[in-house]
Amino acid sequence: PKTIRLSEYTVPAHLVDTVDLRFELFDDGARIHSTLSVRRNPESADAAAPVTLDGDSLKLERVALNGEDLAAENYEETGEQLVIASVPDRFELTVVTWIEPQNNTRLEGLYKSSGMFCTQCEAEGFRCITYFPDRPDVMARYRTRIEADKASCPVLLSNGNAVERGDLENGRHFVTWEDPFPKPSYLFGLVAGDLVEQRDTFTTGSGRDIDLRIYVEPRNAEKCDHALASLKRAMRWDEENYGREYDLDIFMIVAVDDFNMGAMENKGLNIFNSSCVLASQDTATDLAFERIESIVAHEYFHNWSGNRVTCRDWFQLSLKEGFTVFRDSTFSADMGSPTVKRIEDATLLRTAQFAEDAGPMAHPVRPAAYMEISNFYTLTIYEKGAEVVRMIHTLLGPELFRKGSDLYFERHDGQAVTTDDFVKAMEDASGRDLSQFRLWYEQAGTPELMVSDSHDPEQGIYRLTIEQRIPDTPGQTDKKPQHIPFALGLLGPDGEALPLMQDGSADAEGAPVEQVLELTEARHTFEFHGLPSKPVPSLLRHFSAPVRVIYPWSRDQLVFLMSHDPDGFNRWDAGQRLAVDVIQSLVGAAEGAEIEPRLVEAYRALLGDSTLDQALVAKMLQLPSEAYLIELADSPDVAAIHHAREQVLQHLATSLREELIACYHRNSEAGKYELTPESIARRSLRNTALSWLLVINDETGRDLAVQQFRDADNMTDRMGALRALVNSDYAAERSAALEEFYKHFQDDPQVVEQWFSVQASSDRAGQLPQINALLEHSAFDWKNPNKIRSVVGVFAGQNLAAFHNPDGSGYAFLADQVCRLDDSNPQIAARLVTPLTRWKKFAPAYGSLMRESLERIRDKSGLSADLYEVVHKSLG
Ligand code: HT7
Ligand code: ZN
């Protein structure tokens, strides 16, 4: 495969003003008639360039220029392009193609899922439908006529507004859709199938009524309420917080079972993975409800950040994704607990994005080169990209940030632009110089901040020194210091927030108790005056930048911060650091080594603290995950880490048994199920308590779990009990619960996915023979990405002790599945292989086996471009 470079970007030689599409959909294939009005781009340096259209796996039936058929010698069709050398400055080009959606297992372009036709065009799927200049800076107005059998496809949808419909011969019918907004081809969407609709209305701030519709298979009709309510909240929020009103008269969401990612923001016609939109009390956990709200909002927010203002090229992907994740994350924070949301975002970043940044596929938020763009839908583009936008927000403050976003939308409405245009709008609106800040887009790698401090009691001065270092990443060394907002607080001996006075003559009265220090140099020393005793620093509050902080915290300081820091995020972080320290000290230690009593006491205090936000308590009770502990370690020995973490968990559960039982009962509310933050926190606490009790095979815990499993009136509790049993040594109860659960929910694919996951993630129920049995299960489907993720992805990503079995069997298993999948769905294969690509990080005994498995994948014949890029970069 070829490498595509940002430095080689040139404007398109031809532009397309309008696209007229006619889809003839049949059981054995689809014929697409496309007519484009094309003109030479006056900005192109190549005034004689041939017209070049992209295509992939198309059968070309006809090419016509201004209505005249072109003979084969007048155009060239390579496997990937249609080139017409001689064209006038303006012309109409007609192309007819034949494709086979029913055989499209890659799920790119037009394909069939559960009998329904649907599309996925981002990033380069439109070229699997028809020949087209398939790049985001070619924006056109689309008119789409869909023709299909009326009985099997009563519903025919595309972007924009339906302008015409009618019956045809042979039991067929058609609907024509017109989208008034110019858009890139990646935002094209089409759905045809037997679907039912749930309707609602939203009245915009300016008084327009928007018709809202969610289309689902009839059996899912009752599972749309949450998504509809979330959509309306998101629409209102975007008006209130960004001044963005919806622009079409209709907004549609469709649920599709077979989907490579979470959802897609096609203009006016968002297409969703069923698992990211369908929910009911009985079938979805609280986590799923939360996820649905945030994804619905995310796709909706793209209508402005992505659709009205789109990306010039795919190097700019974070322009829309980073900004939109920032927007959806702020939205979720506003809908629930901002601290808890921040903890969730930081956990994902520190566990998975930092690992990506330290691995072979590390790339900047704005990459400089790629082979296969679908490999770049990464945590770096999305999550780190969102953190970069968040830092701009922190540096500018909310008012100037809003001014910047208003300017950005106004200046670039209808355009395809770059991340630099975004930063420029922020600069112009605020008057701030963000030139050094731009390095966040250009340099890969997670900055490390080495923090040290000293105190001069005589002068009452506390000095804080911060040095930054950005590690080398593939193709990038000797990096420049970045502009980092570093939020700081200082605590006095009784936990009081101390005034921050950087100037000796300042007045403590008006001094702030929290400050954002701006780091721009490789090393800074800050002085704080008026401090007779050494304060405890609260560093990088709210996780104000996506960096690693290295500071020699004592356990006393961490225990102190855990109970006194006014910043909820740093309270949680102190608890995590303390637990990490305790677990790390046990890795490789002799059996029976003492486990820090202050950790037990801190958790005891948490379990009994009803004054704190219970959602935060629930988060604080979660021990750092194995994945995070591995990420933090050099040459991790996975089995030793797993063992040490288990020891701590068992010790905590044994020491706190009474408190856990009390916590369980205190949070077992009588009364009905509610989806309020308080109820969600109670369920979380109750289920954490249950899981801890079962870790020590406690009989009371077992009885509570069995009873909860039987009596639960919602999926969170049912799944909480099932998970606790599955992770216990009570084999008979585990099998009985698994069997009963499956029997009850076997007809619901989204619940069956959860059933697969709970087993695949368990070190008890998810050993390799059981994983292989799941792959043989009648509900498993190799064509369905959700099923693949719920078994293979969860095993390799969450069941780390089993995946990293020292005999290498977990690695060989993953390699087998990746090779198998590469022929049918290369995008999914390239994502699934990720855990193996980190082989250099692990202790040599693990790393060499991981490498062997990667080499076996490399040597597979007919390797896809997707997998080629990932495997070669990680071996290279
Ligand atoms: N913008 C969407 C990206 C997406 C995608 C990318 C590659 C292959 C399949 C895909 N499905 C959706 C989703 C989003 O970020 O909103
Ligand atoms: Zn997105």
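Residues numbered from 1 in each chain as written. Chains lettered and ligands numbered in written order. Predicted model: local features only at pLDDT ≥ 70, side-chain atom pairs only at ≥ 80, totals over all residues.

What counts, and what does not: UniProt positions are given in the numbering used here, feature names are shortened, and annotations may be inferred rather than shown by experiment.
By the naming in an unreviewed UniProt entry, the chain goes by Aminopeptidase N and is assigned to Marinobacter adhaerens. The record in UniProt for the chain states the following under Cofactor (unreviewed entry): "Zn(2+)". In its Function (unreviewed entry) section, the UniProt entry covering the chain states "Aminopeptidase N is involved in the degradation of intracellular peptides generated by protein breakdown during normal growth as well as in response to nutrient starvation."

## Remarks on the overall build of the chain
To be explicit about the condition: Here a helix means four or more residues in a row that DSSP labels H or I, a strand means two or more in a row labelled E, and each is numbered from the N terminus. Every radius of gyration here is taken over C-alpha atoms, with the globule rule written as 2.2 Å times N^0.38, N being the number of residues. With C-beta atoms placed from the backbone, a residue counts as buried when 20 or more other C-beta atoms lie within 10 Å of its own, as exposed when 12 or fewer do, and as partly exposed for counts between those limits. With C-beta atoms placed from the backbone, a contact is any residue pair whose C-beta atoms sit within 7 Å.
Scanning the chain from N- to C-terminus turns up 28 helices and 31 strands. Rg of the C-alpha trace for the chain: 28 Å, near the compact-globule value of 29 Å for 876 residues, within the 12% margin. Burial analysis of the chain (876 residues in total) assigns 49% to the buried set. Pairs at least 24 residues apart make up 70% of the contacts formed inside the chain by residues separated by at least 6 positions.

## Notes on the environment of arginine 312
Inspection of the secondary structure assignment puts arginine 312 in the loop between strand 22 (310–311) and helix 3 (317–335). Sequence separation between arginine 312 and proline 184 is 128 residues; the distance between their C-alpha atoms is 9.7 Å. Residues in contact with arginine 312, not counting those within four places in the same chain, are Pro136, Asp137, Ala416, Val417 and Thr418.

## Regarding the site of ligand 1
Our working rule: Whether a residue is near a molecule or strand depends on its C-beta atom, generated from backbone atoms, being within 6 Å of that molecule or strand. Ten residues, namely Ala, Val, Leu, Ile, Met, Phe, Trp, Tyr, Cys and Pro, are considered nonpolar, four, namely Asp, Glu, Lys and Arg, are considered charged, and the remaining ones, Gly among them, are considered polar. An automatic or database domain assignment supplies the residue ranges for each domain.
As a structural note, the neighbourhood of ligand 1 is formed by 15 residues, with Glu122, Asn260, Met261, Met264 and Ser374 the closest of them. Those elements giving two or more residues to the shell around ligand 1 turn out to be strand 20 (263–264) and helix 2 (286–301). Residue composition of the shell around ligand 1, by class: 5 nonpolar, 6 polar and 4 charged. Two domains each provide a minimum of three residues to the shell around ligand 1, namely domain 1 (1–40 + 51–194) and domain 2 (195–308).

## Comments concerning the packing of helix 20 (residues 749–760) against helix 22 (residues 785–798)
Put simply, the rule is: All axes here are fitted lines through C-alpha atoms, helices being fitted over the stretch that makes contact, and every angle between N-to-C directions spans 0 to 180 degrees. Here roughly perpendicular refers to angles of 65 to 115 degrees, roughly parallel to angles under 35, roughly antiparallel to angles over 145, and oblique to all remaining angles.
Direction vectors running N to C along helix 20 and helix 22 enclose 10°, while the axes themselves pass 8 Å from each other. By the angle class used here, helix 20 and helix 22 are roughly parallel. Contact residues: helix 20 offers Glu753, Phe756, Ser757 and Ala760, while helix 22 offers Asn786, Lys787, Ser790, Val791, Val794 and Phe795.

## Remarks on the UniProt feature "domain: Aminopeptidase N-like N-terminal" (unreviewed entry) in the chain
In the numbering used here, UniProt assigns the "domain: Aminopeptidase N-like N-terminal" (unreviewed entry) feature to residues 20–187. Secondary structure across residues 20–187 comprises 0% helix and 54% strand; the distance between its end C-alpha atoms is 15 Å.

## Topic: the sheet that holds strand 16 (residues 190–193)
Selection rule: Two strands are said to pair when DSSP picks up at least two bridges between them.
Reading across from one edge, 10-11-16-13 is the order of the 4 strands in this open sheet, with antiparallel pairing throughout. The sheet is open, and its two borders are formed by strand 10 (109–113) and strand 13 (155–158), each paired with just one other strand. Ignoring strand direction, the axes of neighbouring strands in this sheet form an average angle of 15°. Looking at chain direction, strand 10 and strand 11 (residues 116–120) are connected through 5 bridges and run antiparallel. If you follow lysine 112 over to strand 11, its bridge partner there is phenylalanine 117.

## Here's the deal with the nonpolar core
What counts, and what does not: A set of buried Ala, Val, Leu, Ile, Met, Phe, Trp, Tyr and Cys residues, joined to one another through C-beta atoms within 7 Å, is what we call a nonpolar core.
Counting 243 residues, the largest nonpolar core has Val191, Ala192, Val254, Leu725 and Val833 as its most contacted members. Take this core: its biggest share by element is 9 residues, from helix 5 (residues 379–396). Setting aside residues no more than four positions away along its own chain, alanine 192 makes contact with Leu25, Met116, Phe117, Ile146, Ala148, Cys153, Val155 and Leu156.

## What about the pairing of strand 9 (residues 90–99)?
In this sheet, strand 9 lies alongside strand 3 (residues 29–40) in antiparallel orientation, the contact comprising 10 bridges. Counterpart to histidine 33 in the pairing with strand 9 is valine 96. Two strands pair when backbone bridges link them, and strand 5 (residues 59–65) and strand 9 are joined in this way by 6 bridges, in the antiparallel orientation. Bridge assignment links arginine 62 to a residue of strand 9, and that residue is valine 96.

## Some points on the domain arrangement of the chain
Domain boundaries in the chain define domain 1 (1–40 + 51–194), domain 2 (195–308), domain 3 (338–442) and domain 4 (451–553). Of note, the centres of domain 2 and domain 4, computed from C-alpha atoms alone, are 42 Å apart.

## Here we look at the sheet that holds strand 8 (residues 81–84)
Taken together, 3 strands build an open sheet; the order of strands is 4-8-7 and the sheet is antiparallel. The open sheet is flanked by strand 4 (51–54) and strand 7 (76–77), the only strands paired with a single partner. With 2 bridges connecting them, strand 7 and strand 8 associate as antiparallel partners. When the bridges of strand 8 are listed, glutamate 77 appears paired with leucine 82.

## Points about helix 3
Using the following cut-off: An expected span of 1.5 Å times one less than the residue number is assigned to each helix.
Given a rise of 1.5 Å per residue, 19 residues ought to cover 27 Å, and the 27 Å separating the end C-alpha atoms of helix 3 matches this to within 8%. Buried residues dominate helix 3, accounting for 16 of its 19 residues.

## Describing the confidence of the model for the chain
Do not read the predicted coordinates in detail wherever pLDDT is low. In plain terms, the rule: Every residue carries a pLDDT, the predictor's confidence in it, which falls somewhere between 0 and 100.
Of the residues in the chain, 100% reach a pLDDT of 70 or more, and the chain-wide mean stands at 97. Reported for the predicted complex are a pTM of 0.99 and an ipTM of 0.99.

## Here's the deal with unusual backbone geometry
The peptide bond linking glutamate 122 to alanine 123 adopts the cis configuration, its omega dihedral lying at -5°. Positionally, alanine 123 belongs in the loop between strand 11 and strand 12 (140–149). Non-glycine residue aspartate 478 carries a positive phi angle of around 45°. Mapped onto the elements, aspartate 478 comes out in the loop between strand 26 (461–469) and strand 27 (484–491).

## Focus on helix 14 (residues 638–655)
Which entries qualify depends on this criterion: Note that the arc is computed from the directions linking the helix axis to the C-beta atoms.
Taking 1.5 Å as the rise per residue, helix 14 with 18 residues should run 26 Å; its terminal C-alpha atoms sit 26 Å apart, in good agreement. Taken together, the buried positions of helix 14 are occupied by Val638, Ile641, Ala644, Arg645, Val648, Leu652 and Ala653. For helix 14, the buried positions fall inside an angular range of 165° around the axis, keeping them on one side.

## A closer look at the packing of helix 14 against helix 16 (residues 677–695)
At their nearest, the axes of helix 14 and helix 16 sit 8 Å apart, and the two run at 105° to each other. Our classification of the angle between helix 14 and helix 16 gives roughly perpendicular. Counting all contacts with helix 14, which are made through Leu649, Gln650, Leu652 and Ala653, the residues of helix 16 involved are Trp692, Leu693 and Val695. A per-class count over the contact of helix 14 with helix 16 returns 6 nonpolar, 1 polar and no charged.

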